[in-house]
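Chain and residue survey
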Amino acid sequence: MGSSSSSSKLLFRQLFEKESSTFTYLLADISHPDKPALLIDPVDKTVDRDLKLINELGLKLIYAMNTHVHADHVTGTGLLKTKLPGVKSVISKASGSKADMFVEPGDKVSIGVLYLEVRATPGHTAGCVTYVTGEEADQPKPRMAFTGDAVLIRGCGRTDFQGGSSDQLYESVHSQIFTLPKDTLIYPAHDYKGFEVSTVGEEMQHNPRLTKDKETFKTIMSNLNLSYPKMIDVAVPANMVCVPTHPPTSRPPRPPSHHPVTGLPHPSSPPGAAHNDLSVHQYIQEHQNVPGYAVAEGRHVREERLPCCGTGIGWFLFIIGFLLGAIPWYIALFLLVCAKINPQEKPGYIACAIAAVLATIAIVFGVIKGGV
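This is a predicted model, so every value here is computed, not measured.

1. A look at the UniProt feature "transmembrane region" (unreviewed entry) in the protein chain
Per the UniProt record, "transmembrane region" (unreviewed entry) is annotated on residues 313–337 and 349–368. Across residues 313–337, the secondary structure splits into 80% helix and 0% strand, with the terminal C-alpha atoms separated by 15 Å. For residues 349–368, the end-to-end C-alpha separation is 29 Å, with 100% helix and 0% strand making up the annotated structure.

Rendered as structure tokens:
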């Protein structure tokens, strides 16, 4: 556990899953006879750990909640439901996912006398929400904001996939998070540098992206020039079908319901869905480095094999340019200037550009010499 705190009502635990650098948050009202509890952003690999803790503390888990549809790990909500059938999975209605309960801006999710207010903070994904503790005197002080990937400590989630939008993320953060009291504690979904908590005031002053004006922020986000991380081998197939595949042994199978319930709200249908559904290639690593604030992802990813037998189009055009009178070099130069190039292929295209320039010089000198 990264940290803990308690008051006369709130029991709070911050838990960490090191492979995906994911924080899971446990909140409970221990003043209530049943000690009702909820989990925010559980991870499948740590479900047994979380349940053991919940049992040791004598809590009753009511909700397993996600701040958004995750792409860097498999949520634990589906597995939790197989072990505790009474648990309700929760996600935003805007996510387009499947769950027991959908929340919208302004909704309140209650455990005992405590509650979380739902604030829409899209931009990292279309359905991101931030859960914020209440403002009334009987609610925890200072307030707590569980921001998912909208605001990380000195960073933010990337915005180029899963319905993301830099413009939308900037507006979301400044209107829904940075308007909270400055002492509001920010608890993100991930951290890669060993930080556990920040505050609204701290991020408003020191976040290297979100302290910029909107146009600068959008420029930063649109010029990251990041290659596609290949983290889909395990996470994507699991997330596409992340439902309780086997009913609990103590309960007989139930007939299909008109309202299917799944543990993970997922953004695309299982294999066999229509071709226009979300491609699995949209499930990519969710965070990238902030300039001046390096972020180590902490895991290996598999690079996509380049075309043309692995050499890449750029080098292929460079080689055949010697056979086809430099024409492929000029084609490559045009593509380098006018098209979006995979960063892995840029060296080949640059080689073609240099060859095209040299070929042009040779042609010009040849013409001049021939004229003389």
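2. Things to note about the pairing of strand 6 (residues 88–92)
Of all five residues that make up strand 6, four are buried, and the element is covered over most of its length. When strand 5 (residues 60–65) meets strand 6, the two strands line up parallel, connected through three bridges. Pairing of Tyr63 across the sheet is with Lys88, part of strand 6. Relative to strand 7 (residues 101–103), strand 6 runs parallel, the two being bridged by three bridges. When the bridges of strand 7 are listed, Ser92 appears paired with Val103.

3. A short note on the packing of aromatic side chains
With the rule as written, the count across this model stands at 13 aromatic pairs. Measuring from centroid to centroid gives 6.0 Å for Phe23 and Tyr25, while their planes differ by 40°, and the two rings are tilted. Accessibility classification places Phe23 together with Tyr25 in one group, the buried group. Pairing Phe146 with Tyr187 gives two aromatic rings, centres 5.6 Å apart and planes at 20°, and the pair type is stacked. With a gap of 41 residues between them, Phe146 in strand 11 (residues 144–148) and Tyr187 in strand 12 (residues 185–188) connect regions that are remote in the sequence. Note on Phe146: relative accessible area 0%, which makes it buried. Since its relative accessible area comes to 7%, Tyr187 is described here as buried. The structure contains a cluster of three or more aromatic residues connected by ring pairs, namely Phe12, Phe16, Phe23, Tyr25, Phe146 and Tyr187. Over the face of the ring belonging to Tyr115 we find Lys108, whose NZ or CZ atom lies 4.5 Å from the ring centre.

4. Notes on the sheet that holds strand 8 (residues 108–111)
The six strands lie next to each other as 8-9-10-11-12-13, forming an open sheet whose pairing is mixed. If you trace the sheet from one side to the other, it starts and ends with strand 8 and strand 13 (198–199), each paired once. Pairing of strand 9 (residues 114–120) with strand 10 (residues 129–133) involves five bridges; the strand directions are antiparallel. Each residue of the ladder has a partner; that of Glu117, found in strand 10, is Val132. Sheet contacts for helix 3 (residues 166–177): strand 9, strand 10, strand 11 and strand 12; angle to strand 9, the most-contacted strand, approximately 145°.

5. So, the pairing of strand 2 (residues 10–17)
Among the eight residues that make up strand 2, seven are buried, leaving the element largely enclosed by the rest of the structure. A loop of four residues connects strand 2 with strand 3 (residues 22–29), the two strands running antiparallel in sequence, and Ser21 in this loop sits at a positive phi of about 55°.

6. With respect to the environment of Leu79
By the element assignment, Leu79 lies in helix 2 (residues 77–83). With 32 residues separating them along the chain, Leu79 and Val47 place their C-alpha atoms 7.2 Å apart. When neighbours within four sequence positions are excluded, Leu79 is seen to be in contact with Asp44 and Val47.

Cut-offs used in this document
Sequence order as written defines residue numbering, which begins from 1 separately in each chain. Local features are withheld for residues below a pLDDT of 70 in this predicted model, meaning they are given only at 70 or higher, and side-chain atom pairs are given and counted only at 80 or more; totals for whole chains, interfaces and linings count all residues. Neither water nor hydrogens contribute to the side-chain values; these are computed over all heavy atoms in the structure. UniProt positions are given in the numbering used here, feature names are shortened, and annotations may be inferred rather than shown by experiment. Strands are runs of DSSP state E lasting at least two residues, helices are runs of H or I lasting at least four, and both sets are numbered from the N terminus onward. Relative accessibility thresholds used throughout: buried, under 20% of the residue-type maximum; exposed, over 50%; partly exposed, between the two (1.4 Å probe, protein chains only). Being paired, for any two strands, means DSSP has found at least two bridges between them. Aromatic pairs are defined between Phe, Tyr and Trp rings, using the six-membered ring for Trp, whenever the two ring centres lie within 6.5 Å; interplanar angles under 30 degrees are classed as stacked, those over 60 as edge-to-face, and all others as tilted. Whether a charge sits over a ring depends on NZ of Lys or CZ of Arg being within 6 Å of the ring centre and within 35 degrees of the ring normal. In what follows, a contact means two residues having at least one pair of non-hydrogen atoms within 4.5 Å. A fitted line through C-alpha atoms represents every axis, and for helices the fit uses only the stretch in contact; the resulting angles, taken between N-to-C directions, go from 0 to 180 degrees.

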